[in-house]
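A closer look at the structure
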Amino acid sequence: MTAFRSILQGTFSALVAAALSAVLISPANAAGQGASPDVAALGRGINILGYDGIWEGHQNAPFRLENLNTIRQAGFSHVRINFFGFRHMDSGNILDEAVLRRLDGVIEEVLARKLIPILDEHDTDLCQRDVPECTVKLKAFWRQIASRYARKYPKLVFEVLNEPGGNMTSAEWNALLGDCLAIIRRTNPTRSVVAAVLNTDELPVDELALPPGDRNLIVTFHYYAPIRFTHQGAPWSATFSKIGPLNWGSAEDEAKAAADFDKVRSWSEKEMRPIYLGEFGVYERAPAESRAKYLSFVARRAESFGWAWAYWQFDHDFAAFDGARQRWNRDILRAIIPSVR
C-alpha cells in the first residue's frame, strides 16, 4: 500500500483540492506522510512467487507470467516479489547467476505490465533464528543486488528483509538495517527502499531507527492480528490447525485493529515517514463472511491513512487466485478491491 499528502492554501487552492479529492487517494496525498518517489504509485498490491518453481527454471509452477496481466486488470498497482535469496547462494554467499537472470526476467515482465515490482528478501526463518549468520548473508545479498541493479530498473523498489524478529532484537535489527542501507546507498543513492518494523505483536514502530537524512525510505509492517482468527485451521501449525471456526467483526474487534493502526499512523505523522502494509490476509478455513469483513476493514483502514498495501498472497495458501481454475476468489477480491464486481 502506500502513503500520501499535501497542504493547499487560499481560496483557489481550496477549490482545486475539492475538485481533486476524488482522485487524490495515493500515498503522496495522505496527511502526515513524508515524500518518497515511488510511494504514491504503489497503491494496492499483492504478494507473488514466494514458493514457486520459477526460480528453479520451471514454467507455470504454479505462477504463470501471464497472471501479471490478470493482476493488473484486477486493479493492482504493484507486486511484492517474495525472493528467498539465501537458498540460491553458494558456500561463499555468491548468488547463482542463472537464478539472478530469472529474477531479471520477472522484474522486466512486471514492469512491462506497468506494475511496480518490490524485491523483498524473504529469508525470515534463518534471520529470526540465527542473527549472526543472517547478518553475513543479508549484507552479501544486498552488495550483489545493489550492484546488479544500480542505474537499472528505476521503478524497482528494494525491501531489505521480510519480518525481522524472533531472536533478533530491535537494537540488532537497527544495526543490521543501517549496514544494509549503507551498502545499498553506495550504488543506489535515491532508490526507494522498504524498511520493516520489528515483527512482534506490539508493533514497536517507535523503536525503529532510520537515517534521518534518507527520505527515500518506506516503512512497512504486517498485520495478522488476532492471529488465532487469521490463521485458524492452518495445517502447518499444531496449534492453529485445531482452532476454529472463529468469527471477526464485532465493535471490539474493529476497535482493537483501529488502535493498532492508529499507533503506526501517529508515529508516521510525527516522523514524516510513508507507511506500507506489506502483508495481511486470512487463511481459507475461517468463516467466509468474517474473512471478507476483516480483509475489507484492514484494506479500507490502510487506505484511509494513505498507506499502500499488499495482500498475502496471490496463490498457494491465503490465496486470492485459484491457479488450477485460473480465476480469482471473488469474495476475497471484492473485499480488498470493492470496485470489483
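Shown above is the structure to which this text applies.
Glancing now at the sheet that holds strand S2 (residues 78–83). Here we have eight strands rolled up into a closed barrel, ordered S1-S2-S3-S4-S5-S6-S7-S8, and parallel in their pairing. With strand direction ignored, the average angle separating the axes of adjacent strands in the sheet is 25°. Alignment of S2 against strand S3 (residues 116–121), held across six bridges, turns out to be parallel. Pairing of Asn82 across the sheet is with Asp120, part of S3. Each of strand S1 (44–48), strand S6 (217–223), strand S7 (275–280) and strand S8 (308–311) is contacted by helix H10 (residues 288–304), which is oriented at about 155° to S8, the strand it contacts most.

Most of S6 is tucked away: seven of the seven residues are buried. Every second residue of S6 is oriented toward a common face, with Leu217, Val219, Phe221 and Tyr223 on one face and Ile218, Thr220 and His222 on the other, all of them buried. Where strand S5 (residues 193–196) lies against S6, four bridges are found, and the strand directions are parallel. Paired with Ala196 across the bridge in S6 is Thr220. Sheet analysis places S6 next to S7, joined by five bridges and oriented parallel. Within the sheet, the bridge partner assigned to Tyr223 lies in S7 and is Phe280.

What follows concerns helix H9 (residues 251–271). Between the first and last C-alpha of H9 there are 30 Å, a value that for 21 residues agrees with the 30 Å anticipated at 1.5 Å per step. Buried within H9 are the following residues: Ala257, Ala258, Asp260, Phe261, Val264, Trp267 and Ser268. Where H9 is buried, its residues contact S6, S7 and H10. Downstream of H9 by a residue or two, Met272 has a phi angle that is positive, lying close to 55°.

Moving on, we get to the packing of aromatic side chains. One pass over the structure, following the stated rule, counts 27 aromatic pairs. Measuring from ring centre to ring centre gives 5.4 Å for Trp236 and Tyr283, while their planes differ by 85°; the resulting arrangement is edge-to-face. Of the two residues, Trp236 is situated in the loop between helix H8 (227–230) and H9 and Tyr283 in the loop between S7 and H10; the sequence distance between them amounts to 47 residues. According to the relative accessible area criterion, Trp236 is partly exposed, its value standing at 49%. The interplanar angle of 85° and the centroid separation of 5.8 Å between the aromatic rings of Phe280 and Tyr311 together place this pair among those described as edge-to-face. Taken as a pair, Phe280 in strand S7 and Tyr311 in strand S8 lie far apart in primary sequence, 31 residues in all. Each member of the pair, Phe280 as well as Tyr311, carries the same accessibility label: buried.

Moving on, we come to the state of the cysteines. Scanning all chains against the criterion turns up one disulfide. Covalently, Cys127 is tied to Cys134 through a disulfide, its sulfur atoms 2.1 Å apart. Residues Cys127 and Cys134 are joined by a disulfide whose S-S torsion is about 80°; by sign, that bridge is right-handed. Across the pair, exposure class does not vary: Cys127 and Cys134 are buried alike. With no disulfide of its own, Cys180 lies closest to Cys134 among cysteine sulfurs, the gap being 7.9 Å.

Packing of helix H6 (residues 131–148) against helix H7 (residues 170–187) leaves a shortest axis separation of 8 Å and a crossing angle of 15°. Relative to H7, the element H6 lies roughly parallel. For H6 against H7, the interelement crossing comes out right-handed. Each of Val131, Cys134, Thr135, Leu138, Lys139, Trp142, Arg143, Ala146 and Ser147 in H6 lies in contact with H7, whose residues at this interface are Glu172, Leu176, Asp179, Cys180, Ile183, Ile184 and Thr187. Grouping the amino acids of the contact of H6 with H7 by side-chain chemistry returns nine nonpolar, three polar and four charged.

What follows concerns the pattern of salt bridges. Taken as a whole, this structure holds 19 salt bridges when the rule is applied. For the salt bridge of Arg301 with Asp262, the shortest nitrogen-to-oxygen distance reads 3.9 Å. Taken as a pair, Arg301 in helix H10 and Asp262 in helix H9 lie far apart in primary sequence, 39 residues in all. Here Glu271 makes a salt bridge to Lys270, at a shortest N to O gap of 4.0 Å. Residue classification places Glu271 among the partly exposed residues on the basis of a relative accessible area of 35%. On the basis of relative accessible area, Lys270 is assigned to the exposed category, the value being 60%. Look at the salt bridges and you will find they share partners, linking Arg80, Asp120, Glu159 and Glu279 into a network.

The rules we used
- Residues numbered from 1 in each chain as written.
- Predicted model: local features only at pLDDT ≥ 70, side-chain atom pairs only at ≥ 80, totals over all residues.
- Heavy atoms only, no water.
- Pairing = 2+ DSSP bridges.
- Helix = DSSP H or I, 4+ residues; strand = E, 2+ residues; numbered from the N terminus.
- Axes fitted to C-alpha atoms, helices over the stretch in contact; angles between N-to-C directions.
- Contact = heavy atoms within 4.5 Å.
- Buried < 20%, exposed > 50% of the residue type's maximum accessible area, 1.4 Å probe, protein only.
- Expected span 1.5 Å × (residues − 1).
- Phe/Tyr/Trp six-rings, centres within 6.5 Å; stacked < 30°, edge-to-face > 60°.
- Disulfide = S-S within 2.5 Å.
- Parallel < 35°, antiparallel > 145°, perpendicular 65-115°, else oblique.
- Left-handed = near helix turned anticlockwise from the far one by under 90°.
- Nonpolar A, V, L, I, M, F, W, Y, C, P; charged D, E, K, R; others polar.
- Salt bridge = Lys/Arg side-chain N within 4 Å of Asp/Glu carboxyl O.

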